[in-house]
Number of protein chains: 2
Amino acid sequence: MAEIVVLWHKSPDTDAICSAIVWTNYLKSMGADAKAIRLWNPNFETKFVLEKAGVELPELVEELPEGQKIVLTDHNEAGQSISNRNNYKIIGVVDHHKVSDFETTEAVAMRVEPVGCACTVMYAMFQEKGFTPDAVTARLMISAIISDTLYFRSPTTTGIDRKAVEELNKIAQIEDLEAYSMEMFNAKSDLGDISIRDLITMDYKTFEAGDKTFGIGSVETTNPDFALSKKEEIITELNNLKNEQNLDFIMLSIVDILNEKNTTIVANENDAQVIKEVFWAETHEWLADLGNRVSRKKQLAAPLSEYYIG
Amino acid sequence: MAEIVVLWHKSPDTDAICSAIVWTNYLKSMGADAKAIRLWNPNFETKFVLEKAGVELPELVEELPEGQKIVLTDHNEAGQSISNRNNYKIIGVVDHHKVSDFETTEAVAMRVEPVGCACTVMYAMFQEKGFTPDAVTARLMISAIISDTLYFRSPTTTGIDRKAVEELNKIAQIEDLEAYSMEMFNAKSDLGDISIRDLITMDYKTFEAGDKTFGIGSVETTNPDFALSKKEEIITELNNLKNEQNLDFIMLSIVDILNEKNTTIVANENDAQVIKEVFWAETHEWLADLGNRVSRKKQLAAPLSEYYIG
């Protein structure tokens, strides 16, 4: 195994996987012996992005040697990370999420910025060091930013994200970014013969807040009707997952990317009540209209955390 | 109150106070309405540094308006921070310590680097933005780095700290850095008519590890005999503090700066046992010879955290 292993969170999205590959390239360009690994399978959008970029999917590794130096990208919370993380030595973090359930015994290099994408933070760090990413690395960063910000539709988008894409595309030279983003979103919406469990956990995270734990899945799609047509099976599976993971709350948001609309599937009466108190939204036939809340981080996890922390 | 309040940790050392003033200058130079405040009184070294630099001590403030935006310098742990921190909105952290007992509900700008001083991290950030600190700001940064690294004697010192001082002194133009560092250390050693409680808490931090809490005080001095001559009174007061703060362990290290030697005052049998298990050091007449362990962060808090986390 390489000296430093770069890894992303479970249920990875395009930013997770691209940021780990990008950061591995950064560390290598600084002379480090680094390797990106994969904890889980990518979604169809990420597969499309990697194929277009001509980049191989990192190796699937579930366990590392005791004491392995690791760098976390696009996450910091233990529950979202590699299992038994305490067995390894975290030496770095590059992230754009809230900090929670994260503890080290020594100082590490940690960089978190409130921007739309971990790759936006990385682009700033490339610039600070005077490094220019190569065309493939730039393409991966652009793809991650497009994915995380839903091509600048999400309220998590900052001017820094837009500027990063603009500047990176001078290197990557993607001809029509709008068209490329549509191809990415269509790839993501091709759910084909996916199992209900995979549909829920494909882009799923658990969060700690106070002494509570909750899970939020998100299906970002140009074709929300597909997932909504499976509502009954999804509800059964959400309740199974909630029990397995011993959660206080679970939800699956079906996000219509193009119309910026969130229809959330609610698993049970208890969770409907939480949704009412946190989002002021009524649940009808196990569906809650959460309006334009398309950002899990800012519009779903943050108010839920505040609700549970009190 | 300013829009952004920059604050340091309780029981502040020179880095704590200087880093808050430096960061306030940085934020102001970016156009922000920022103000450094003080949670506690400075030690004699810091007083000397501020007087030499012609900088006024920030205002003492113990409570802020609900929802006040705050930036933390030189610390992140809740126990070391302003009381009732959850009432405020953390928007930034610049630190060089382990991350622990730190949680946000949204992403914040967080920058931690494993270097010898928070001001070293700040110097990197000035450089990244292409900002040049003014002579007073540069002097404060140099003073903080000298203080935290014991003028490069501490094992926490990195090449980055040395380089920062070298480059900053082109701006600050302190004629004889060695002599200046001796003046600082002598000022710190002038304990005069300090109370025993103040002697212990002057440079004191509590740490969380697993479900345990422990406190480590440090008296960095060129004249260790003064503090050691007060051993009996110190032991009584250490036990009082341990009870008040409901701690699992407490220690006060008397650090002879010039000879890089740590003689630790042990409060009771239980703590002597912990010191034996963690540092392989026997306690005789309530003193443990901890050799050249002069860095609280790296050589005291880190092994204790590992011991308690298991």
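Source: prediction; values computed, not measured.

**Thoughts on helix α4 (residues 135-148) of chain A**
All names here are of chain A.
And step 1. Helix length check: α4 (14 residues) gives 20 Å between terminal C-alpha atoms against 20 Å at 1.5 Å per residue, within 8%.
And step 2. With 12 of 14 residues buried, α4 lies mostly within the body of the structure.
And step 3. On its buried face, α4 sits against α1 (14-29), α2 (44-53), α3 (118-129), α5 (159-172), α6 (177-189) and β8 (212-221).
And step 4. The distance from a side-chain oxygen at the start of α4 to the backbone nitrogen of Val136 is 3.2 Å, and the residue carrying that oxygen is Asp134.

**A short note on the pattern of salt bridges**
All names here are of chain A.
And step 1. Applying the stated criterion across every chain, the model contains 31 salt bridges over all chains.
And step 2. We note a salt bridge from Lys163 to Glu167, for which the minimum N-O separation is 3.1 Å. In this pair, Lys163 and Glu167 are both assigned in helix α5, 4 residues apart and thus about one turn of the helix distant.
And step 3. Judged by its relative accessible area of 18%, Glu167 is buried.

**A look at the domain arrangement of chain A**
Residues and elements named next belong to chain A.
And step 1. The assigned domain composition of chain A is domain 1 (4-186) and domain 2 (196-309).
And step 2. Computed over C-alpha atoms only, the centres of domain 1 and domain 2 are separated by 24 Å.
And step 3. With 25 residues of domain 1 at the contact, the number on the domain 2 side is 19 residues.
And step 4. Looking at the side of domain 1 facing domain 2, the largest losses of area belong to Ser11, Leu150 and Arg153, adding up to 27% of the total buried there.
And step 5. At the junction of domain 1 with domain 2, the criterion picks out 7 residue pairs in polar contact (both at pLDDT 80 or more).
And step 6. At 3 residues, the largest contribution of residues to the side of domain 1 that touches domain 2 is made by α6.

**What to know about the relation of the copies chain B and chain A**
And step 1. Once turned by 180 degrees and shifted 0.0 Å along the axis, chain B lies on chain A with an RMSD of 0.1 Å. Here the two chains are linked by the operation of a two-fold rotation axis.
And step 2. The residues that chain B uses at the interface reappear at the interface of chain A in 100% of cases, marking a shared surface.

**Brief notes about the sheet that holds strand β10 (residues 261-266) of chain B**
All names here are of chain B.
And step 1. Taken together, the 6 strands give an open sheet; going across it, the order is β7-β8-β9-β10-β12-β11, and neighbouring strands pair in mixed fashion. This sheet does not close on itself; its edge strands, each paired only once, are β7 (204-209) and β11 (283-284).
And step 2. Bridge count for β10 against strand β12 (residues 287-289) is 3 bridges, and the pairing is antiparallel. By the bridge assignment for β12, Ile265 is matched with Leu287.

**Regarding the sheet that holds strand β3 (residues 59-60) of chain B**
And step 1. Judged by pairing direction, the sheet is mixed, and its 12 strands sit side by side in the order β3(A)-β2(A)-β1(A)-β4(A)-β5(A)-β6(A)-β6(B)-β5(B)-β4(B)-β1(B)-β2(B)-β3(B) without closing on themselves. In this open sheet, the two strands that pair with only one neighbour each are β3 (59-60) of chain A together with β3 of chain B.
And step 2. For strand β2 (residues 34-38) of chain A and β3 of chain A, the ladder comprises 2 bridges, and the chain directions are parallel. By the bridge assignment, Arg38 of chain A is partnered in β3 of chain A with Leu60 of chain A.
And step 3. Relative to the sheet, helix α1 (residues 14-29) of chain B contacts β1 (4-7), β2 (34-38), β4 (69-73) and β5 (89-95) of chain B, its axis offset from that of β2 of chain B by approximately 170 degrees.

**Quick look at the packing of aromatic side chains**
Residue and element names in this part refer to chain A.
And step 1. Within the structure shown, the criterion is met by 16 aromatic pairs over all chains.
And step 2. For the pair Tyr151 and Phe152, a centre-to-centre distance of 5.1 Å together with 25 degrees between the ring planes defines the contact as stacked. In this pair, the class of Tyr151 matches that of Phe152, namely buried.
And step 3. Three or more aromatic residues link up through ring pairs in this structure, and these residues are Trp23, Tyr26, Phe126 and Phe131.

**Overview of unusual backbone geometry**
Across residues other than glycine, the phi torsion is negative in most instances, and most of the peptide bonds are trans.
All names here are of chain B.
And step 1. With phi around 50 degrees, Asp101 is a residue other than glycine that occupies positive phi space.
And step 2. Here Asp101 is to be found in the loop between β5 and β6 (109-112).
And step 3. In this model, Glu285 sits at a positive phi of 50 degrees, which is unusual for a non-glycine residue.
And step 4. Mapped onto the elements of the fold, Glu285 is located in the loop between β11 and β12.

**Description of the environment of Glu306 of chain B**
And step 1. Tracing the chain through its elements places Glu306 of chain B in helix α11 (residues 296-309).
And step 2. Note on Glu306 of chain B: relative accessible area 44%, which makes it partly exposed.
And step 3. Here the alpha-carbon distance between Glu306 of chain B and Ser100 of chain B, two residues 206 residues apart in the chain, equals 13 Å.
And step 4. Apart from the residues within four sequence positions on either side, Glu306 of chain B is in contact with Thr105 and Glu106 of chain A.

**Things to note about the environment of Ile21 of chain B**
Residues and elements named next belong to chain B.
And step 1. Looking at the element boundaries, Ile21 is found in helix α1.
And step 2. A residue is classified by how much of its surface remains accessible, and Ile21, at 9% relative accessible area, is buried.
And step 3. Expressed as a C-alpha distance, the spacing of Ile21 and Thr137, which sit 116 residues apart in the sequence, is 8.1 Å.
And step 4. Setting aside chain neighbours within four positions, we find Ile21 in contact with Ala36, Leu50, Val55, Pro58 and Leu140.

**Brief notes about the packing of helix α10 (residues 269-279) of chain A against helix α11 (residues 296-309) of chain A**
Residue and element names in this part refer to chain A.
And step 1. For the pair α10 and α11, interaxial distance at closest approach is 10 Å and the crossing angle is 95 degrees. As far as their axial angle goes, α11 and α10 are roughly perpendicular. Between α10 and α11, the contacting residues are Val274, Glu277, Val278 and Phe279 on the first element and Gln299, Leu300, Pro303, Leu304, Tyr307 and Tyr308 on the second.
And step 2. Partitioned by chemical class, the residues of the contact of α10 with α11 number 8 nonpolar, 1 polar and 1 charged.

**Side note on the environment of Asn76 of chain A**
All names here are of chain A.
And step 1. Summarising the element assignment, Asn76 is placed in the loop between β4 (69-73) and β5 (89-95).
And step 2. The exposure class of Asn76 is buried, given its relative accessible area of 1%.
And step 3. Remark: the alpha-carbon pair of Asn76 and Met110, spanning 34 residues in sequence, is separated by 9.7 Å.
And step 4. Those residues in contact with Asn76 that lie beyond four places of it in its chain are Arg85, Val93, Asp95, His97, Lys98, Val99, Ser100, Asp101 and Phe102.
And step 5. From its side chain, Asn76 meets the backbone nitrogen of Ser100 in a polar contact 3.1 Å long.

Conventions adopted
- Each chain carries its own residue numbering, running from 1 in the written order of its sequence.
- Chains and ligands are labelled sequentially in the order written, the chains with letters from A and the ligands with numbers from 1.
- Only residues with pLDDT of at least 70 get local features here, since the model is predicted, and only at 80 or more are side-chain atom pairs given and counted; chain-wide, interface and lining totals rely on the full set of residues.
- The side-chain figures draw on all heavy atoms in the structure; neither hydrogens nor water molecules are used.
- Numbering of helices and strands runs from the N terminus; a helix is a DSSP stretch of H or I covering at least four residues, while a strand is a stretch of E covering at least two.
- Every helix has an expected span of 1.5 Å times one less than the residues it contains.
- Only protein chains enter the accessibility calculation, which uses a 1.4 Å probe; a residue is then buried when its area is under 20% of its type maximum, exposed when over 50%, and partly exposed in between.
- In what follows, a contact means two residues having at least one pair of non-hydrogen atoms within 4.5 Å.
- Counted as a polar contact is a pair of N or O atoms within 3.5 Å, where, for protein atoms, one must be capable of donating a hydrogen and the other of accepting one, and residues adjacent in sequence contribute only when both atoms are in side chains.
- For salt bridges, the criterion is a side-chain nitrogen of Lys or Arg within 4 Å of an Asp or Glu carboxyl oxygen.
- Domain start and end points were adopted from an automatic or database domain assignment.
- A simple way to read buried area is as the amount of 1.4 Å-probe accessible surface that goes missing from two parts once joined, with both sides added.
- To superpose the copies, least squares is applied to the C-alpha atoms of every residue with a pLDDT of at least 70 in both.
- Strand pairing requires that DSSP identify at least two bridges connecting the strands.
- For every element, the axis is a line fit to its C-alpha atoms; helices are fit only across the contacting stretch, and the angle between N-to-C directions ranges from 0 to 180 degrees.
- Pairing of aromatic side chains requires ring centres within 6.5 Å, counting the rings of Phe and Tyr and the six-membered ring of Trp. Pairs whose planes differ by under 30 degrees are stacked, by over 60 edge-to-face, and all others tilted.
- The scheme is simple: roughly parallel for angles under 35 degrees, roughly antiparallel for over 145, roughly perpendicular for 65 to 115, oblique for anything else.
- Polarity classes work like this: nonpolar for Ala, Val, Leu, Ile, Met, Phe, Trp, Tyr, Cys and Pro, charged for Asp, Glu, Lys and Arg, and polar for all others, with Gly in that last group.

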